[in-house]
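Chain residues, written in single-letter form:
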Amino acid sequence: MNSDEQMRRAQANFKTITDIKDKLEILEEHVESRKEALEEEIEESLNEAIRNARDCLEKIQENIEPKLEKIIRERLDILKVKMDRFTEEGLGALHKEIKKQTPILTQKILEEVDGLVASKLIAVRDELSQSINQKIQAEAKKFLSEDKIEMEKKYAKLWRVCFIALGFSLTAFGVVLLVNL
């Protein structure tokens, strides 16, 4: 192989490579534009699918809500009947138990009331006793103070009489001494 032929071949290869490169660039641009178009199409499809899904959910909710409400009402009615029956049975049992326990409870209450009344009576008696004692002491002090005042007056009179009697006695004693001398 000579160099001209190699040169032609190289030029042919270069031209082929350049053509392939140009076609590759065109292909890349086409792929890129197609990719962007597909992405937009996918995004639009997703948005539409989301809108459709929301619409479907709303329709499902609209369809299910009355059915659910009906089911819930039925269950609540069943529960109400059961609760009413249970309440009646419970009230019946409670009334029986109350009738059975009434004498026992009445006895216990009476015993507690008797004890409470007894303790209250003791407290009232003690309080009344203290009150009476205080009144008696106050009256006694009042009478004693009146008697004391009266006694002090009588004591003062008696004291004067004693001094007068002592004066007369001393005078009489003095006269007797003078007469005997």
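Residues numbered from 1 in each chain as written. Predicted model: local features only at pLDDT ≥ 70, side-chain atom pairs only at ≥ 80, totals over all residues. Heavy atoms only, no water.

Visitor: Explain the overall build of the protein chain here, please?
Guide: A count of helices and strands for the protein chain gives one helix and zero strands. The C-alpha atoms of the protein chain give 65 Å as radius of gyration, which overshoots the globular expectation for 181 residues (16 Å, by more than 25%). Within the protein chain, the proportion of its 181 residues that are buried is 0%. If you sum the accessible surface of the protein chain, you get close to 17,400 Å²; carbon and sulfur atoms cover 63% of it. Side-chain charges of the protein chain comprise 31 positive and 36 negative groups, with the mean position of each set lying 15 Å from the other. (Helix = DSSP H or I, 4+ residues; strand = E, 2+ residues; numbered from the N terminus. Rg over C-alpha atoms; globule rule 2.2 N^0.38 Å. Buried < 20%, exposed > 50% of the residue type's maximum accessible area, 1.4 Å probe, protein only. Areas by Shrake-Rupley, 256 points an atom, 1.4 Å probe, with all protein chains shown as cover. Lys, Arg positive; Asp, Glu negative; His and termini not counted. Charge placed at Lys NZ, Arg CZ, Asp CG, Glu CD.)

Visitor: How should the pattern of salt bridges be read in this particular structure?
Guide: Oppositely charged side chains can pair when the atoms bearing their charge come close. Following the criterion strictly, the structure yields four salt bridges and no others. Between Lys 80 and Asp 84 there is a salt bridge, with the nearest N and O atoms lying 3.2 Å from each other. You can see Lys 80 and its partner Asp 84 sitting in helix α1 (residues 3-180), four residues apart, about one turn around the helix. Look at Asp 84 and you get partly exposed, because its relative accessible area is 36%. Here Asp 126 makes a salt bridge to Arg 125, at a shortest N to O gap of 3.5 Å. (Salt bridge = Lys/Arg side-chain N within 4 Å of Asp/Glu carboxyl O.)

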